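Here are the chains, one letter per residue:
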Amino acid sequence: MRSHYSGALTKEQVGQEVELCGWVHRRRDHGGVIFIELRDREGFVQVVFEPDLPEIFQTAETLRSEFVLKVKGRVRNRPDSMVNPNVKTGAIEVVGEQLILLNRAETPAIPIVDNQGDVSEEQRLKHRYLDLRREDMQYRLRFRAQTSSILRRYLDNNGFLDVETPILTKATPEGARDYLVPSRTHKGSFFALPQSPQLFKQLLMMAGFDRYYQIVRCFRDEDLRADRQPEFTQLDIETSFMDEEAIMTFMENMIRQLFKQQLGVELPNPFPRLTYKDAMQRYGSDKPDLRFDLSMVDIADVVSNVEFKVFSGPASDPKGRVAALKVPQGAKNLTRKQLDDYAKFVGIYGAKGLAYIKVNDREAGIEGLQSPIVKHLSPEICETVLERTQAETGDLIFFGADNYKVVCEALGALRIKLAEDLGLIKDEWKPLWVVDFPMFEEVDGRLHSLHHPFTAPAIESIDDLRNQPRDIISRAYDMVLNGSEIGGGSIRIHTPEMQQAVFELLGIGSEEAKDKFGFLLDALKYGCPPHGGIAFGLDRIVMLMTESTSIRDVIAFPKTQSASCPLTEAPSIVSPEQLTELGIRVASVKKESDG
């Protein structure tokens, strides 16, 4: 129906006859001449309808926003005074010679041409087919498609095979709740939607495919936020006979190539690395944002014997932590109200308060400090804290004192909020690897995998694993970009004995292991190669690269934060007949309005 895309026309087509199809972006009537901006996925071009073709001109007078047209006309240069340098097609226009109205449109339920303004996300998602017509949404989804294509080419060119894995599979414990699908043919039994293809990609390595990848949908029934969705897309990768160094180098090259091709950005080579321990000690997070310099220092050894129990209590507790976070010139730039607000903010993360010291005059020693807590500290301790934080006149020092987890989470979150409030975040890309994760974390006296139970420990002996499980480092690695984890992976366990030992430490007995992972344990017996891999969050990568604030803005048809779809009104109630066929009876559920 068309010879060109409207937004792809250039001066090279001047003098040519073209056929275009698209939507009316804007319509202007300038005293007897009608201008239409005709939009398609490539952009828009100005079409001019002049009164010397009365029948066409009469139709053009009836056009409104979002009408669908076919136009035939000749491309010409715009007059110099009418050139728009801010538009790709701003130097040309099309003189309309034929006009076919393909479809009329009601007034759009949400704005398409102009800024969204006060339109709620709920309304945008309810009318997503209109929302997706907007220029920024068109850009994001095209960017996403190009990103997928670049990643596929890189992997294809390096011997990786694109292999699909099942969507209907077996429920296995992977950290989040499964979405379950009832089976009609096996009443009372359920499939689970995969949280990831983890087990299947390992089986592919055992089957000898050597290098696998898949851009795959995954499903997790978990609490949502701006960078989470119940169904999401990841680039899943697995390879045999490569250790972590080889895998990390290979993946770095892939991400560098992606940024070079998509954004023209040269990422560092190699990426910097931080151990998990250093990341938590300095930034309170295993996905630190390195675009600004705020970092924590530990002072437990300095304050362990002070009478001030707020400090000495956690400092003397093996599971406690006392840390300081210096804010350059914070004493000058932060108001009392802001300090009070920050104290409330850290309370979200379990902190009972937020002590601070203002350094009004560094040379004056303790006399130059302002804080309610200074009276509890000796001049020598204050001086040591100032030296350790490298504080100067005008700086402010915040303190966190509690159990290790609370201090990390509270000061880590405060670090980011301070950087945002004070404009400290630099406009740059800061990738890094976080390595040397603990194999396990302890919750309520029980061990849990920090990554997943198939991650290999960095030891040779099963006895070492059993004797000192809390001290074991895993062979895991996460790629972090600007404070977001964009990829996580590990070398996998490739012997049945080690896998069984890990299951035992996690409290998964032999019967439970056989029930949930029997097929994997069986496969490990038949010559499993050493293997490892990584999974990248495609939604999150595109969100960061397009500077979007939510992954919902880079997914065509996302769910809300309550895991519902305003467009299709899913999830929905199904008929009693369908439930009967599945052998399911639904218990009565009170509506929220019923309390």
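For the structure, check the block above.
Residues numbered from 1 in each chain as written. Predicted model: local features only at pLDDT ≥ 70, side-chain atom pairs only at ≥ 80, totals over all residues. Heavy atoms only, no water.

> So, the overall build of the protein: which residues are in play, and what are the values?
When helices and strands are tallied, the protein shows 18 helices and 22 strands. On the principal axes, the C-alpha backbone points of the protein span a range of 95 × 70 × 60 Å. By residue count, 47% of the 595 residues in the protein fall in the buried class. Of all intrachain contacts in the protein linking residues separated by at least 6 positions in sequence, the fraction that spans at least 24 positions is 67%. Split by element, the accessible area of the protein, about 30000 Å² in all, is 49% carbon and sulfur. Distance between charge centres in the protein, computed from 74 positive and 89 negative side chains, equals 3 Å. (Helix = DSSP H or I, 4+ residues; strand = E, 2+ residues; numbered from the N terminus. Buried < 20%, exposed > 50% of the residue type's maximum accessible area, 1.4 Å probe, protein only. Contact = heavy atoms within 4.5 Å. Areas by Shrake-Rupley, 256 points an atom, 1.4 Å probe, with all protein chains shown as cover. Lys, Arg positive; Asp, Glu negative; His and termini not counted. Charge placed at Lys NZ, Arg CZ, Asp CG, Glu CD.)

> A description of the packing of helix α5 (residues 198-206) against helix α16 (residues 510-524) should follow, citing residues and the corresponding values.
Across the interface, α5 lies against α16 with an axial gap of 10 Å and an inter-helix angle of 20 degrees. Comparing the axis directions of α5 and α16 gives the class roughly parallel. As α5 packs across α16, the resulting crossing turns out to be left-handed. Contacts between α5 and α16 involve Leu199, Leu203 and Met206 on the former and, on the latter, Phe517, Phe519, Leu520, Ala523 and Leu524. Residues that form the contact of α5 with α16 fall into these classes: eight nonpolar, no polar and no charged. (Axes fitted to C-alpha atoms, helices over the stretch in contact; angles between N-to-C directions. Parallel < 35°, antiparallel > 145°, perpendicular 65-115°, else oblique. Left-handed = near helix turned anticlockwise from the far one by under 90°. Nonpolar A, V, L, I, M, F, W, Y, C, P; charged D, E, K, R; others polar.)

> How would you sum up the packing of aromatic side chains? Please name residues and give values.
This structure, assessed with the given rule, holds 13 aromatic pairs. The interplanar angle of 80 degrees and the centroid separation of 6.1 Å between the aromatic rings of Tyr342 and Phe398 together place this pair among those described as edge-to-face. One end of the pair, Tyr342, is in helix α11 (residues 336-347); the other, Phe398, is in strand β16 (residues 396-403), with 56 residues separating them in the sequence. Take Tyr342: its relative accessible area is 2%, and that puts it in the buried class. Aromatic rings pair up to connect Tyr154, Phe160 and Phe250 into one cluster. Over the aromatic face of Phe250 sits the side chain of Arg211, whose NZ or CZ is 5.8 Å from the ring centroid. In this structure, Lys417 is placed above the aromatic ring of Phe345, and the distance from its NZ or CZ to the ring centre is 5.6 Å. (Phe/Tyr/Trp six-rings, centres within 6.5 Å; stacked < 30°, edge-to-face > 60°. Lys NZ or Arg CZ within 6 Å of the ring centre and 35° of its normal.)

> Go over the pairing of strand β4 (residues 68-77) with me, naming the residues and quoting the values.
With seven bridges connecting them, strand β1 (residues 17-29) and β4 associate as antiparallel partners. Bridging from a neighbouring strand, Glu19 pairs with Lys72 of β4. As defined by bridge partners, β4 adjoins strand β5 (residues 92-103) across ten bridges and the pair is classed as antiparallel. The residue of β5 that forms the bridge with Arg76 is Glu93. (Pairing = 2+ DSSP bridges.)

> Lay out the sheet that holds strand β21 (residues 484-491) in plain terms, naming residues and giving numbers.
Within the open sheet, the eight strands sit side by side as β6-β9-β10-β22-β21-β20-β17-β11. Their pairing is mixed. The sheet is open, and its two borders are formed by β6 (161-162) and β11 (273-275), each paired with just one other strand. Here β11 pairs with strand β17 (residues 431-435) via three bridges, running parallel. Following the sheet pairing, Arg273 is matched in β17 by Trp433. Here helix α4 (residues 135-157) sits on the sheet and contacts β6, β9 (211-219) and β10 (231-240); the angle it forms with β9, its principal contact strand, is near 150 degrees. Packing against the sheet, α5 makes contact with β9, β10 and β22 (531-537), and its axis sits at approximately 20 degrees to β10.

> Give me the side chain of Glu238: which residues, what numbers.
For Glu238, the position within the fold is in strand β10. Using a relative accessible area of 0% as the deciding quantity, one classes Glu238 as buried. Among the polar contacts listed, one links the side chain of Glu238 to the side chain of Arg492, at a separation of 2.8 Å. Ignoring sequence-local partners within four residues, the contact set of Glu238 consists of Phe160, Lys201, Gln202, Met205, Asp210, Arg211, Tyr212, Arg492, His531, Gly532, Gly533 and Ile534. (Polar contact = N/O pair within 3.5 Å; in protein donor to acceptor, adjacent residues only side chain to side chain.)

> Give me helix α15 (residues 496-505): which residues, what numbers.
Taken together, the buried positions of α15 are Met498, Gln499, Ala501, Val502 and Phe503. Where the residues of α15 are buried, they touch β18 (440-443), α14 (462-467) and α16. Following α15 by one or two positions, Gly507 has its phi on the positive side, about 80 degrees.

> Before we move on, could you go through a nonpolar patch on the surface and cite the residues and values that matter?
Judged by side-chain polarity, Met1, Ile100 and Leu102 come together as a nonpolar surface patch covering roughly 310 Å² of accessible area. In this fold, Met1 is placed in the segment before β1. (Patch = residues over 30% accessible without salt bridge, like charges linked within 9 Å, V, L, I, M, F, W, Y side chains within 5 Å. Salt bridge = Lys/Arg side-chain N within 4 Å of Asp/Glu carboxyl O.)

> Can you tell me about the environment of Pro268, naming the residues and giving the values?
When you line up the elements, Pro268 lands in the loop between α6 (244-263) and β11. Residue classification places Pro268 among the partly exposed residues on the basis of a relative accessible area of 33%. Considering only alpha carbons, one finds Pro268 and Lys430, 162 residues apart in sequence, at a separation of 8.4 Å. Those residues in contact with Pro268 that lie beyond four places of it in its chain are Arg256 and Pro431.

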